[in-house]
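Structure at a glance
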Amino acid sequence: AQSVSQHNHHVILSEAASLELGCNYSYGGTVNLFWYVQYPGQHLQLLLKYFSGDPLVKGIKGFEAEFIKSKFSFNLRKPSVQWSDTAEYFCAVNARSGGSYIPTFGRGTSLIVHP
Amino acid sequence: DGGITQSPKYLFRKEGQNVTLSCEQNLNHDAMYWYRQDPGQGLRLIYYSQIVNDFQKGDIAEGYSVSREKKESFPLTVTSAQKNPTAFYLCASSIRTGGNTDTQYFGPGTRLTVL
């Protein structure tokens, strides 16, 4: 079965600091990778996703992620965080299970950005 | 507006009682999912459904049951057999389950507390 590891459970930054959240997955076949974000009091929503092509993917609000196949990684980055980026971030993988692609989520990273 | 609604937002039940959580979507999505979110454990898949009258167990289906009688509705019953039912429950949908690139759309969640 596939699994997703997020290495940072809690991250605290000051505004304008750079952010990198790690995500590694274990699955040998074709995968499609997602980052979702849950802002305080809001629904979980898509931040960005990768399924083919350029391994550097750009998402909303200045976030980007790089798919490195050889490292089974899909790390999320932002050059300069803002207070409004305070949220919980989830990495997810859609991998084949039987005849379907079933999502598996990581444990999440709680990001707090101090103004 | 299209989206997913879950009701109620907060639910309290006595130990030993079954309780049903509602999930409705008007996105015309084929696939629907139920997740359980616990602090530090991310999202864990309980059940998913690809089409009406069909559903599959996820990673933690024990103590839960579902039905999919209508495309737009996917209620989850937390039975008395679930040993630790207090949690935050999220419902999601996607255009189809077989689609490996499909984004999931989430509802606002129901927080269940068993006293």
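Everything in this summary refers to the structure shown in the same document. (Residues numbered from 1 in each chain as written. Chains lettered and ligands numbered in written order. Predicted model: local features only at pLDDT ≥ 70, side-chain atom pairs only at ≥ 80, totals over all residues. Heavy atoms only, no water.)

1. What to know about the state of the cysteines
- For the structure shown, the criterion picks out two disulfides over all chains.
- With a sulfur-sulfur separation of 1.9 Å, C23 of chain A is cross-linked through a disulfide to C91 of chain A. Measuring handedness by torsion sign, the sulfur bridge of C23 of chain A and C91 of chain A sits at about -70° and is left-handed. Of this pair, C23 of chain A sits in the loop between β3 (19-21) and β4 (24-26) while C91 of chain A sits in strand β10 (residues 87-97), and the two are 68 residues apart along the sequence.
- Residue class for C91 of chain A comes out buried when judged on its relative accessible area of 0%.
- For C23 of chain B, the disulfide goes to C91 of chain B, at an S-S distance of 1.9 Å. On the sign convention where negative means left-handed, the S-S torsion of about -75° between C23 of chain B and C91 of chain B marks this disulfide as left-handed. A residue pair is termed long-range when its members are at least 10 positions apart, and C23 of chain B in strand β3 (residues 19-25) and C91 of chain B in strand β9 (residues 87-94) qualify at 68 residues.
- Residue C23 of chain B is classed as buried on the basis of its relative accessible area, which comes to 0%.
- Given the relative accessible area of 0%, C91 of chain B is considered buried. (Disulfide = S-S within 2.5 Å. Helix = DSSP H or I, 4+ residues; strand = E, 2+ residues; numbered from the N terminus. Buried < 20%, exposed > 50% of the residue type's maximum accessible area, 1.4 Å probe, protein only.)

2. A closer look at the sheet that holds strand β1 (residues 4-7) of chain B
Residue and element names in this part refer to chain B.
- Taken together, four strands build an open sheet; the order of strands is β1-β3-β8-β7 and the sheet is antiparallel. The sheet terminates laterally at β1 and β7 (64-66), the two strands that pair on one side only. For this sheet, the mean inter-axis angle between neighbouring strands, taken without regard to orientation, is 20°.
- Pairing of β3 with strand β8 (residues 76-78) involves three bridges; the strand directions are antiparallel. (Pairing = 2+ DSSP bridges. Axes fitted to C-alpha atoms, helices over the stretch in contact; angles between N-to-C directions.)

3. What to know about the pairing of strand β11 (residues 110-114) of chain B
Residue and element names in this part refer to chain B.
- Across four bridges, the pairing between strand β2 (residues 10-13) and β11 is parallel. Among the inter-strand pairings, F12 is bridged to a residue of β11, identified as T113.
- Where β9 meets β11, three bridges bridge the pair, whose relative direction is antiparallel. Looking at β11, one finds that Y89 is bridged to T110.

4. A short note on the environment of A95 of chain A
All names here are of chain A.
- By secondary structure assignment, the location of A95 is in strand β10.
- In the structure, A95 is positioned 68 residues away from Y27 in sequence and 7.4 Å away in space, judged by C-alpha atoms.
- Setting aside chain neighbours within four positions, we find A95 in contact with Q2, Y27, T30, V31, S100, Y101 and I102. (Contact = heavy atoms within 4.5 Å.)

5. Points about the environment of A17 of chain A
Residues and elements named next belong to chain A.
- For A17, the location among the structural elements is in the loop between β2 (10-14) and β3.
- With a relative accessible area of 23%, A17 lands in the partly exposed category.
- On a C-alpha basis, the gap between A17 and L33 in space is 25 Å, while along the polypeptide they are 16 residues apart.

6. Notes on the interface of chain A and chain B
- With 19 residues of chain A at the interface, the matching set in chain B holds 23 residues.
- Both sides of the chain A and chain B interface together cover about 1800 Å² of buried area, and 54% of this is carbon and sulfur.
- When residues of chain A are sorted by the area they lose upon contact with chain B, H43, L44 and F105 of chain A head the list and together hold 26% of the total.
- The interface formed by chain A and chain B holds five residue pairs in polar contact (both at pLDDT 80 or more) in total.
- Those elements that provide at least two residues to the side of chain A that touches chain B are β5 (31-38), β6 (44-50), β10 and β11 (100-105) of chain A.
- In terms of residue class, the side of chain A that touches chain B is made up of ten nonpolar, six polar and three charged. (Buried area = accessible area lost by both parts, 1.4 Å probe. Polar contact = N/O pair within 3.5 Å; in protein donor to acceptor, adjacent residues only side chain to side chain. Nonpolar A, V, L, I, M, F, W, Y, C, P; charged D, E, K, R; others polar.)

7. Quick word on the side chain of T104 of chain A
All names here are of chain A.
- By the element assignment, T104 lies in strand β11.
- Its relative accessible area of 16% is what places T104 among the buried residues.
- Among all residues touching T104, those that are not within four sequence positions of it are Q2, S3, V4, C91, A92 and V93.

Read these as geometric descriptors, not functional statements.
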